[in-house]
Amino acid sequence: TRKGDSTTTVSIHQTSTFTMPSTDTANVSRVLSSDEMRDAENHDLKKVAMKFAVGGVVTSFVSGLMNGPDHVKTRLQIQGKMQADKKLYTSFPQACARIFREEGFFVLAGRGLGAALSREVVYSGIRMGLYDPAKYFVSRGKDASQIGFAEKFLSGAISGGIGSFVASPADLLKIRVQAVLPGQPLPYRNFVHGFSVICKKEGIPGLYKGASATVVRAVILTGSQLASYDTFKTTLIRDFEWEDAAPTHIVSSVVAGLITTTASSPVDVIKSRFMNDQGAYKNVLDCFVKTVKHDGVFALWKGWTPNYIRIGTHCLITLPLVEQTRRFLGLTTI
């Protein structure tokens with residue numbers, strides 16, 4: 001005790017050791033904080049169904065807004081030296097201007113809209129809703145930090161492949177309607193009439209013409225989209241201490257859009273050409289070979305710009321919106 005000071009100093013002989021977690025461990029804990037909740041959701045049919053609904057509704061809304069670029073993309077993709085028609089479109093801006101001038105705004109933005117919305121509700125409802133359960137199954141219940149890109153890609157490939165096969169008839173109808181050029185009659189009066197005509201002329205298997213190309217495209221698209229988004233978002237949160245919030249979702253979705261468009265464009269071109277084919281190709285492989293032979297390998301990325309405008313914008317709006325809607329409903333994020 002110091003003189004004139006009532007404060008007593010006490011020496012503590014028993015000590016304990018406490019090790020502060022490293023920065024990496026602390027960041028991983030932030031990423032893994034919802035692991036138990038996510039695992040519980042994967043075993044709850046109601047929560048899984050809610051994820052299906054969120055994916056279908058949000059993506060169909062965005063697809064409706066982006067139907068115009070999708071329409072232009074289809075017309076650019078089906079052009080090639082195998083077609084007898086004179087090449088009408090030379091670039092995305094020129095195609096937009098020509099369709100608008102010759103056919104009007106409602107054809108440009110609304111052609112095939114009903115089929116596009118129907119397809120998106122089914123396709124994206126399944127691929128978005130099934131991604132988390134597929135990831136849990138593929139990774140055998142691993143924690144989030146232990147799931148690699150390959151496992152995430154496979155999870156997206158599974159969910160996207162299933163969703164695209166189920167929605168393939170609507171995709172077929174959309175492409176055939178959007179491929180109609182100025183002065184040509186529409187092949188179908190409406191969505192229901194289109195299915196009826198295809199069934200009568202080509203049978204039930206006719207509804208799934210080009211389904212193999214559609215499934216391959218969806219496997220590549222969904223696998224690359226969700227895996228790149230999921231991986232990049234996790235990296236920002238874990239290694240750069242970003243929050244699991246809107247800015248992180250937006251930056252991750254921009255990266256995912258670029259990767260997805262580039263990876264999926266070749267299959268998208270083949271799918272569009274084969275689905276609109278009138279006998280020039282024997283099968284999907286023949287379509288691929290003839291496209292490269294007659295139009296060159298870079299023809300596989302024909303329509304990349306409108307495709308990116310659609311997919312990039314789709315990613316930029318859809319993924320953050322799905323994340324925020326899930327959070328609002330009390331569900332875990334992707």
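Relevant structure appears above.
Residues numbered from 1 in each chain as written. Predicted model: local features only at pLDDT ≥ 70, side-chain atom pairs only at ≥ 80, totals over all residues. Heavy atoms only, no water.

**Points about the overall build of the protein chain**
Note the threshold: Starting at the N terminus, helices and strands are each numbered in turn, a helix being any DSSP run of H or I of at least four residues and a strand any DSSP run of E of at least two. The rule is simple: take the accessible area with a 1.4 Å probe, protein chains only, and divide by the maximum for that residue type; under 20% is buried, over 50% is exposed, in between is partly exposed. Pairs of residues are marked as contacts when any of their non-hydrogen atoms sit within 4.5 Å. Here, Shrake-Rupley sampling with a 1.4 Å probe gives the accessible areas, and only protein chains in the shown set may cover a residue.
The helix and strand inventory of the protein chain stands at 13 helices and zero strands. Scored against the burial criterion, the 334 residues of the protein chain give a buried share of 48%. Considering only contacts in the protein chain between residues 6 or more positions apart, those separated by 24 or more positions represent 77%. Total accessible area computed for the protein chain in this model is approximately 16400 Å², and 65% of it derives from carbon and sulfur atoms.

**What about the packing of aromatic side chains?**
Just so we agree on the cut-off: Pairing of aromatic rings covers Phe, Tyr and Trp, the last counted by its six-membered ring, and requires centre-to-centre distances within 6.5 Å; plane angles under 30 degrees mean stacked, over 60 mean edge-to-face, and any other angle means tilted. Comment: the charge-over-ring label is applied if NZ (Lys) or CZ (Arg) is within 6 Å of the ring centre and within 35 degrees of the ring normal.
What the rule picks out here adds up to five aromatic pairs. Ring centres of Phe 105 and Phe 106 lie 5.7 Å apart, and the angle between their planes is 70°; on these two criteria the pair is classed as edge-to-face. The interplanar angle of 5° and the centroid separation of 5.3 Å between the aromatic rings of Trp 304 and Tyr 308 together place this pair among those described as stacked. Taken together, the residues Trp 304 and Tyr 308, both in helix α13 (residues 304-328) and four residues apart, mark about one turn of the helix. Seen from the ring of Phe 274, Lys 209 lies directly overhead, with NZ or CZ sitting 5.4 Å from the centre.

**Comments concerning helix α3 (residues 45-65)**
The following threshold applies: Take the number of residues in a helix, subtract one, and multiply by 1.5 Å to get its expected span. Two N or O atoms count as a polar contact when they lie within 3.5 Å, although within protein this holds only if one can serve as hydrogen donor and the other as acceptor, and sequence-adjacent residues are included solely when both atoms are side-chain atoms.
Spanning 21 residues, α3 covers 31 Å between terminal C-alpha atoms, matching the ideal 30 Å at 1.5 Å per step. Val 48, Lys 51, Val 54, Gly 55, Gly 56, Val 58, Thr 59, Ser 60, Val 62 and Ser 63 are the residues of α3 that are buried. Packing partners of the buried residues in α3 comprise α2 (35-42), α4 (67-78), α7 (113-138) and α13. For α3, the N-terminal cap is Asp 44; the gap from its side-chain oxygen to the backbone nitrogen of Lys 46 is 3.0 Å.

**Quick notes on α7**
It helps to recall that an α-helix has 3.6 residues per turn; residues three or four apart then point in one direction. Basically, it comes down to this: Across the chain, bend at a residue is computed as the angle between axes fitted to the seven residues ending at that point and the seven starting from it.
Between its first and last C-alpha atoms α7 spans 35 Å; for 26 residues at 1.5 Å apiece the expected length is 38 Å, and the two agree. At Tyr 131, α7 shows its maximal bend, which comes to roughly 40°, and the proline Pro 133 appears one to four places after that position. Where α7 terminates, the next one or two residues include Arg 140, which has phi positive at roughly 55°.

**Digging into the nonpolar core**
Spelled out, the test is: Side-chain atoms within 4.5 Å are what join buried Ala, Val, Leu, Ile, Met, Phe, Trp, Tyr and Cys residues into a set we call a nonpolar core.
Among the nonpolar cores identified, the biggest contains 16 residues, and Tyr 123, Leu 226, Tyr 229, Leu 319, Val 322 and Ile 334 are the most heavily contacted of them. Elements with a contribution of two residues or more to this core: α3, α7, α10 (211-240) and α13.

**Overview of the pattern of salt bridges**
To keep it simple, the criterion reads: By convention in these notes, a salt bridge is any Lys or Arg side-chain nitrogen within 4 Å of a carboxyl oxygen on Asp or Glu.
Within this structure, the stated rule accounts for 27 salt bridges. Linking Arg 326 and Asp 132 is a salt bridge whose minimum nitrogen-to-oxygen distance equals 3.0 Å. Remark: Asp 132 occurs in helix α7 and Arg 326 occurs in helix α13; sequence separation between them is 194 residues. Both residues of the pair, Arg 326 and Asp 132, count as buried. We note a salt bridge from Asp 295 to Arg 273, for which the minimum N-O separation is 2.7 Å. With Asp 295 in helix α12 (residues 284-295) and Arg 273 in helix α11 (residues 246-275), this residue pair connects regions lying 22 residues apart in the sequence. The class of Asp 295 is partly exposed, set by a relative accessible area of 21%. One network of salt bridges, with partners in common, ties together Asp 70, Lys 73, Arg 119, Glu 120, Asp 171, Lys 174, Arg 217, Asp 268, Lys 271 and Arg 310.

**What to know about the packing of helix α8 (residues 149-178) against helix α9 (residues 191-202)**
We count it as follows: A fitted line through C-alpha atoms serves as each axis, taken over the contacting stretch for helices, and the angle formed by two N-to-C directions is quoted from 0 to 180°. In this scheme, roughly parallel covers angles under 35 degrees and roughly antiparallel covers those over 145, while 65 to 115 is roughly perpendicular and the rest are oblique. For this scheme, ten residues count as nonpolar: Ala, Val, Leu, Ile, Met, Phe, Trp, Tyr, Cys and Pro. Four count as charged, namely Asp, Glu, Lys and Arg, and the remainder, Gly too, count as polar.
In contact at an axis separation of 11 Å, α8 and α9 are set at 100° when each is read in the N-to-C sense. By the angle class used here, α8 and α9 are roughly perpendicular. Here Pro 169, Ala 170, Leu 172, Leu 173 and Arg 176 of α8 come into contact with α9, specifically with Phe 191, Gly 194, Phe 195, Ile 198 and Glu 202. Here the contact of α8 with α9 is built from residues that sort into seven nonpolar, one polar and two charged.

**Examining the environment of Tyr 281**
Mapped onto the elements, Tyr 281 comes out in the loop between α11 and α12. In this structure Tyr 281 comes out as buried when scored by relative accessible area, which is 6%.

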